[in-house]
Amino acid sequence: MNFPAGFLGDSVAAKASSSLRRRGISIRHIASAFALSIVLLTLYFNYFRRNGHLFPADVMHYAPETPEVWTERSFQVRDAFLHAYHGYERFAFPNDELRPLSNTSINNFNGWAVTAVDSLDTMHMMGLEQEYKRAMTAVHNTNFSLPTNIRVPFFETVIRQLGGLLSAYALTNDNILRTRADELGTILAPAFRTASGFPQYSVNTVRGTSDGPLIGSLAEIASYQMEYAYLGKITGKKEHVDRATTATRNFVDADLREHGGMYPMFWNISSGQPRDSHLSVGAASDSAHEYTLKQYLMTARKDKANLEMYLRFTSHVLNNLMYISPNRHLLYVTDSKLYRTGNRPTHNLEHLSCFFPGLLALGAHTLPLNNLEEVGLNFTALADDLLPRQQLGYEELASFDLKELHLWAAEGLAQTCYLTYADQPTGLGPDIINMLSGGARSEILWMDAMQEWRTSGRRGPPPGVGDKHPWVGDGISRNAREREMAYAMRDYYVKSADYQLRPETVESLYILYRVTGDVKWRHRGWNIFQAIEREAKTPSGYANVDKVDTYNPQQLDVMPSFFLAETLKYLYLLFREDDLVPLDKWVFNTEAHPFPVFEWTEKEKETYGVS
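Predicted, not measured: the structure shown is a model, and the values here were computed from it.

Reading the values: the criteria
Residues numbered from 1 in each chain as written. Predicted model: local features only at pLDDT ≥ 70, side-chain atom pairs only at ≥ 80, totals over all residues. Heavy atoms only, no water. Helix = DSSP H or I, 4+ residues; strand = E, 2+ residues; numbered from the N terminus. Rg over C-alpha atoms; globule rule 2.2 N^0.38 Å. Buried < 20%, exposed > 50% of the residue type's maximum accessible area, 1.4 Å probe, protein only. Contact = heavy atoms within 4.5 Å. Pairing = 2+ DSSP bridges. Salt bridge = Lys/Arg side-chain N within 4 Å of Asp/Glu carboxyl O. Disulfide = S-S within 2.5 Å. Core = buried A, V, L, I, M, F, W, Y, C linked by side-chain atoms within 4.5 Å. Axes fitted to C-alpha atoms, helices over the stretch in contact; angles between N-to-C directions. Parallel < 35°, antiparallel > 145°, perpendicular 65-115°, else oblique. Left-handed = near helix turned anticlockwise from the far one by under 90°. Nonpolar A, V, L, I, M, F, W, Y, C, P; charged D, E, K, R; others polar. Expected span 1.5 Å × (residues − 1).

Caption draft 1: Broad picture of the overall build of the protein. When its secondary structure is counted, the protein shows 22 helices and 21 strands. A compact globule built from 611 residues should have a C-alpha radius of gyration of about 25 Å, and the protein, at 27 Å, falls within 12% of that. With the C-alpha coordinates aligned to their principal axes, the bounding extent of the protein is approximately 100 × 60 × 45 Å. For the protein, buried positions account for 56% of its 611 residues. In the protein, 73% of the contacts between residues at least 6 apart in sequence involve partners at least 24 apart.

Caption draft 2: Seen up close, the side chain of D182. Take D182: it is sitting in helix α8 (residues 175-187). Exposure remark for D182: the relative accessible area of 14% places this residue in the buried category. Leaving out residues up to four positions away in the same chain, D182 has contacts with L231, T235, K237 and H240.

Caption draft 3: Representation of the sheet that holds strand β5 (residues 209-211). Here we have three strands laid out as an open sheet, ordered β3-β4-β5, and antiparallel in their pairing. Of all the strands in the sheet, the pair left with one neighbour each is β3 (152-153) and β5. Looking at chain direction, strand β4 (residues 202-204) and β5 are connected through three bridges and run antiparallel. Counterpart to N204 in the pairing with β5 is T209.

Caption draft 4: Region of interest: the pattern of salt bridges. Inspection of the entire model under this criterion finds 25 salt bridges. Where D431 meets R502, a salt bridge forms, and the shortest distance between an N and an O atom there is 2.8 Å. Of this pair, D431 sits in the loop between α16 (402-422) and β15 (432-435) while R502 is found in the loop between β17 (492-496) and α19 (504-516), placing the two residues 71 residues apart along the sequence. Like D431, the residue R502 is buried in the burial classification. As a salt-bridge pair, K605 and E602 come within 3.4 Å of each other at their nearest N and O atoms. Of this pair, K605 and E602 are both found in helix α22 (residues 602-608), three residues apart, which corresponds to roughly one turn of the helix. We classify E602 as exposed; its relative accessible area is 58%. Ionic contacts of the salt-bridge type, sharing partners, join the residues E89, E131 and R134 into one network.

Caption draft 5: Looking closely at the side chain of T505. By the element assignment, T505 lies in helix α19. Among all residues touching T505, those that are not within four sequence positions of it are H351, C354, C417, Y418, Y421 and I528.

Caption draft 6: Representation of the state of the cysteines. Taken as a whole and judged by the stated rule, the model has one disulfide. Note on cysteine connectivity: C354 is disulfide-linked to C417, with sulfurs 2.0 Å apart. Looking down the S-S bond of the C354 and C417 bridge, the torsion is -95 degrees, so its handedness is left-handed. In this pair, C354 is assigned in the loop between β14 (348-350) and α14 (356-366) and C417 in helix α16, connecting sequence segments 63 residues apart. Residue classification places C417 among the buried positions, given a relative accessible area of 3%.

Caption draft 7: Summary view of the nonpolar core. Membership of the largest hydrophobic core comes to 171 residues, with the highest contact counts inside it found for L120, Y228, M322, F356, L405 and W446. Ignoring anything within four residues of it in the chain, the contact list for F356 reads V281, F313, T314, V317, M322, L413 and S508.

Caption draft 8: How the structure looks around the sheet that holds β14. Spatially, β14-β15-β17 is the arrangement adopted by the three strands of the open sheet, whose pairing is antiparallel. Only two strands of the sheet have a single neighbouring strand rather than two, namely β14 and β17. Ignoring which end each strand starts from, the neighbouring axes of this sheet average 30 degrees apart. Pairing between β15 and β17: four bridges, direction antiparallel. Residue pairing in the sheet places I432 in a bridge with S496 of β17.

Caption draft 9: Summary view of the packing of helix α13 (residues 304-320) against α16. At a minimum axis separation of 12 Å, α13 and α16 run at an interaxial angle of 60 degrees. Relative to α16, the element α13 is oriented oblique. Of the two elements, α13 crosses α16, and the hand of that crossing is left-handed. Along its contact with α13, which presents Y310, T314 and L318, the element α16 presents L405, H406 and A409. Of the residues contributing to the contact of α13 with α16, the split by class is four nonpolar, two polar and no charged.

Caption draft 10: Here's a closer look at the environment of V465. Turning to its location among the elements, V465 is positioned in the loop between α17 (446-455) and α18 (480-490). In sequence terms V465 and W408 are 57 residues apart; their C-alpha atoms lie 6.3 Å from each other. Once residues lying within four places of it in the same chain are set aside, the contact partners of V465 are W408, E411, G412 and Q415.

Caption draft 11: Just the environment of I432, in detail. Checked against the element boundaries, I432 lands in strand β15. Taking the relative accessible area as the measure of exposure, I432 reaches 23% and is therefore partly exposed. Sequence separation of I432 and Q161 is 271 residues, and the distance between their C-alpha atoms is 27 Å. Ignoring sequence-local partners within four residues, the contact set of I432 consists of N348, L349, E350, V494, K495 and S496.

Caption draft 12: Just helix α10 (residues 225-235), in detail. Burial analysis of α10 places nine of its eleven residues in the buried class, the great majority of the element. Those residues of α10 that fall on the buried side of the exposure criterion are Q225, M226, E227, Y228, A229, Y230, L231, G232 and I234. Just downstream of α10, G236 is the residue with a positive phi angle, here 75 degrees.

Caption draft 13: How the structure looks around helix α20 (residues 520-535). Helix length check: α20 (16 residues) gives 23 Å between terminal C-alpha atoms against 22 Å at 1.5 Å per residue, within 8%. Summarising burial for α20: twelve of the 16 residues are buried, a large majority. When α20 is considered as a whole, its buried residues turn out to be K520, W521, R522, H523, R524, G525, W526, I528, F529, A531, I532 and E535. Against the buried residues of α20 lie α3 (67-91), α16, α19, β18 (545-546), β19 (554-555) and α21 (561-575).

Below is the structure:
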């Protein structure tokens, strides 16, 4: 049967039109409704989502596990430590680190048994008496002046080796640890023979000389104050304390006006002044920022200069380096360079930067952020020597509850750091991701979003803070277009896909759990530990893992000492029911070595010139 052209289409249209007319709906009504829909969608995508009015949270439920379950999980972490350390003992001791695939060793940190010394306090906390006793043979026998050690890296040796000795002494009061720490601190002292007093990169422990470029990275020139201050305290030696206070004096005298009061990444070791304008809380910078707060806390909250530097650095980060991703509204911290045209962010998020939420939580927990007058500070006056636009940023921060703001930032950032793990097929976090912000996509500063959220009546959780489910993707790359669409939905692409057994994320989860008591941080830590067990374990230890964003990860022949010193320690403390290391009595150095809070005596204040 043949029908005239257009018969079926005309008939269907006529029937639909007749049906709508009977309901009182005209074509004009349909057109108006369609136009209104377009307007609402446009407002949503170009106003509400861009300006921060709507930041929905997912509904998350966490099982109320019993104390016995968490205790058992802490035992599983202890078993993981034993597996790793016994592999090191069998195949690598007294060398520095185990190669967990080839079952060989490597001396990449002086050949002074760094894994054993770095792990002393972890073993003590876990009650591993036999392993601790065997590790102490390295403490007794190491010759810090072996001729082979012509270039001892100052920074890594201080945080791992010196920090490990000092922490073990603090926990045990074993005098051999203090003696050996004093010897090591002294033999590293030639590094400080520079015009500014900032240390050079390395030390020749035989000749007593130092070496390295005249331009130093921030982390390497400013991550020793805690170690040398505590070493001075327990030995009574002024020269050790002087080395710590020199760093503080240099930073107080530095011209940071163009940097918003925040330390940039590279410094001239001779002049003691900044060399560039790269601002970051990640690689080459992280621990120097960390030590501003921690030096203040360790010395019984008397070091006002370091407190001021902490507040200035965190204020600049909150105002300028924290963003909300455009699709999932992930809160992240990035790095930037300052140009005449302003601040240019890279939108990279480094795993190393994931210590920062823990630092913010620690500050919110220990500092009177809403009443700084009680410690003799006026918050907005900290910006008096900065540029006018930076002063306005301080006024904006001061308009919020500062303690609440810092804790929100900590929770949102820690969640994003965790999601970089949970988003991957392996459950392990890549070393660097790049957020898809800027350009054709929205670039939303967190504080702008916070202002909009407050103006709109504080509907829902603060931007970037509400709970979020992991991204669900099939992980299969089909073509370039589909990959780009997946990245856009996820809000980032993976820039460096290796997991290096790093501790920063679990460090922040641990601190947030101790500060807030919220069990979700424990559950997230447990998920990470399970992924480590599943993907990184080898017959003799644990290995770095490459290609974590695929279903075909690849183990690498590396087991860094900080995996035992930091990652497993923080996981163990996270799952312990009792609080072994109270945050108001102990302060962790950047290698997770806890130092006790102490106060200078009046005689020490006079002798050392400290407050």
